[in-house]
Amino acid sequence: MKALICPSLGPVENLKVMDVEPPVAGPGEAVVEVAYAALNFFDTLIIEGKYQLKPEPPFSPAGEFSGRVVALGPGAGGFAVGDRVMGSTGYGAAREKIAIAASRLAHVPDGLPLDKAAGLSITYGTSLHALKQRAEMKSGETLVVLGASGGVGLAAVEIGRAMGARVVACASSNDKLEFARRYGAAETVNYATQDLRARLKELTGGKGVDVVYDPVGGALTEAALRSLAWKGRLLVIGFASGEIPRPPLNLTLLKGCDIRGVYWGEFVNREPDAHRDNMSQLLGWAESGALSVHVHAKFPLEDYKKAFEAIAKRQTLGKTLLRFTEE
Ligand SMILES: NC(=O)c1ccc[n+]([C@@H]2O[C@H](COP(=O)([O-])OP(=O)(O)OC[C@H]3O[C@@H](n4cnc5c(N)ncnc54)[C@H](OP(=O)(O)O)[C@@H]3O)[C@@H](O)[C@H]2O)c1
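In this report, the structure presented in the accompanying data block is examined. Keep in mind it's a predicted model, so treat the numbers as computed, not measured.

Calculation criteria
- Residues numbered from 1 in each chain as written.
- Predicted model: local features only at pLDDT ≥ 70, side-chain atom pairs only at ≥ 80, totals over all residues.
- Heavy atoms only, no water.
- Near = heavy atom within 4 Å.
- Polar contact = N/O pair within 3.5 Å; in protein donor to acceptor, adjacent residues only side chain to side chain.
- Areas by Shrake-Rupley, 256 points an atom, 1.4 Å probe, with all protein chains shown as cover.
- Helix = DSSP H or I, 4+ residues; strand = E, 2+ residues; numbered from the N terminus.
- Axes fitted to C-alpha atoms, helices over the stretch in contact; angles between N-to-C directions.
- Parallel < 35°, antiparallel > 145°, perpendicular 65-115°, else oblique.
- Left-handed = near helix turned anticlockwise from the far one by under 90°.
- Contact = heavy atoms within 4.5 Å.
- Nonpolar A, V, L, I, M, F, W, Y, C, P; charged D, E, K, R; others polar.
- Salt bridge = Lys/Arg side-chain N within 4 Å of Asp/Glu carboxyl O.
- Buried < 20%, exposed > 50% of the residue type's maximum accessible area, 1.4 Å probe, protein only.
- Pairing = 2+ DSSP bridges.
- Disulfide = S-S within 2.5 Å.

What to know about the site of the ligand
Working step 1: The environment of the ligand is made up of 26 residues, and the closest members are Ser172, Lys176, Tyr191, Val262 and Arg314.
Working step 2: Residue Gly151 places a main-chain N or O atom 2.8 Å away from an oxygen atom belonging to the ligand.
Working step 3: With respect to the ligand, the backbone of Val262 contributes an N or O atom lying 2.7 Å from a nitrogen atom.
Working step 4: Taking 910 Å² as the accessible area of the ligand by itself, protein coverage stands at 91%.
Working step 5: At the level of secondary structure, the elements contributing two or more residues to the shell around the ligand comprise α1 (41-46), α3 (120-134) and α4 (151-162).

Remarks on the packing of α3 against helix α10 (residues 272-288)
Working step 1: As a packed pair, α3 and α10 sit with axes 10 Å apart at the nearest point and diverge in direction by 110°. With respect to each other, α3 and α10 are oriented roughly perpendicular. α10 is crossed by α3, and the crossing has right-handed handedness. Listed contacts from α10 to Leu120, Ser121, Tyr124, Gly125, Leu128, His129, Lys132 and Gln133 of α3 are Ala274, Asn278, Met279, Gln281, Leu282, Leu283, Trp285 and Ala286.
Working step 2: Looking at side-chain class alone, the contact of α3 with α10 contains nine nonpolar, six polar and one charged residues.

Focus: the pattern of salt bridges
A pair can form between side chains of opposite charge whenever their charged atoms are brought close.
Working step 1: For the structure on display, the rule yields 14 salt bridges.
Working step 2: Here Glu48 makes a salt bridge to Lys50, at a shortest N to O gap of 3.4 Å.
Working step 3: Among the residues examined, Glu48 registers a relative accessible area of 32% and is labelled partly exposed.
Working step 4: A salt bridge links Asp303 to Lys306, with the nearest nitrogen and oxygen atoms 3.9 Å apart.
Working step 5: Judged by relative accessible area, Lys306 falls into the partly exposed class, the value being 47%.
Working step 6: Via salt bridges that share partners, Glu136, Asp258 and Arg260 belong to a single interconnected network.

Quick notes on the sheet that holds strand β13 (residues 258-261)
Working step 1: Spatially, the six strands line up as an open sheet ordered β10-β9-β8-β11-β12-β13, and their pairing is parallel. Either end of the sheet is taken by a strand with one partner, and the two such strands are β10 (187-190) and β13. Averaged over all pairs of adjacent strands, the angle between strand axes in this sheet comes to 20°, irrespective of strand direction.
Working step 2: One ladder, built from four bridges, connects strand β9 (residues 166-171) with β10; its direction is parallel. Residue pairing across strands places Ala169 opposite Thr188, the latter belonging to β10.

Digging into α3
Working step 1: Of all 15 residues in α3, twelve are buried; the element is thus mostly enclosed.
Working step 2: Three or more residues of α3 are buried, namely Leu120, Ser121, Ile122, Thr123, Tyr124, Gly125, Thr126, Ser127, Leu128, His129, Ala130 and Leu131.
Working step 3: In the stretch just after α3, Glu136 is the one whose phi turns positive, near 50°.

Looking at the state of the cysteines
Working step 1: In this structure the tally under the stated criterion is zero disulfides.
Working step 2: Not part of a disulfide, Cys170 finds its nearest cysteine sulfur in Cys257, a span of 17 Å.
Working step 3: We classify Cys170 as buried; its relative accessible area is 0%.

Now the structure itself:
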């Protein structure tokens, strides 16, 4: 079978499509024929050894997928051959078949296409965990989303709206902002041309914002932190700008506000019951159409370089997929 392989750490040019032995289902495992593997920004880092998760080469990138169960190992309960499923692995999904613990899979409801299901685990899982368990966001609060048209950003816009927040989408171009508006943003800020802090002050009548969702980092973080209301929460999601910010901590004192870290992968490991509840909420929202899980593009496996480049060049709107088989 075909697999996208990272044979040694380095840029995307290092990756190769190779023939590898198909997997066999071990105890408690299912083998899934992958329909779509979803890429995330962190895939551009993991292949270079620059991400917090550092697998030993050779390995396949792509941390989430959808497909059909084709084999079950002893003791793998809850699934049958032929079931439509989705799941997350951290890395290793960019291959025609994967073996994975059945406990890491979820059934894909009939009304949800497999392409949308492929990108639901990590980005939407991260954003729901961030807004629900970490920010404890309430209906009616103001949510500011940086990088609002990207993978986790769009998920935060959509989930924020579903939770009843007033969503302010922030991004680097008007096209990206228009896109975020289509998926639930009530207000927008173009941080390439507008002063983020001044605009957020204006949009909240001077009160400040309740929650900031920050997957970008760099100089935007301090501007967003300075825009928080009393008891506001800034969620640290990631650093797509490449710069880990070091904001002055006196700001937290002055505003009685919190900076809260979000690490979805650890949440899944440490709080499996809460994670399962979150996934069933996301699947219900996706099936009902409350979440779009917008697919930016589906690249055939041999076009993997184009997929990685679209992410690295900041061109994607929503999810980027590698296509293995169709529905
Ligand atoms: N904490 C967690 O558990 C967790 C889980 C998943 C992902 N993450 C992190 O979240 C971040 C975003 O991931 P993603 O998959 O959503 O990425 P993505 O789809 O590529 O979106 C990232 C967004 O960041 C903005 N950006 C600013 N500077 C950038 C740069 N130099 N290169 C690329 N994008 C830049 C872009 O929006 P503008 O052009 O509008 O600025 C882009 O839309 C990553 O750092 C990732 O590691 C964290």
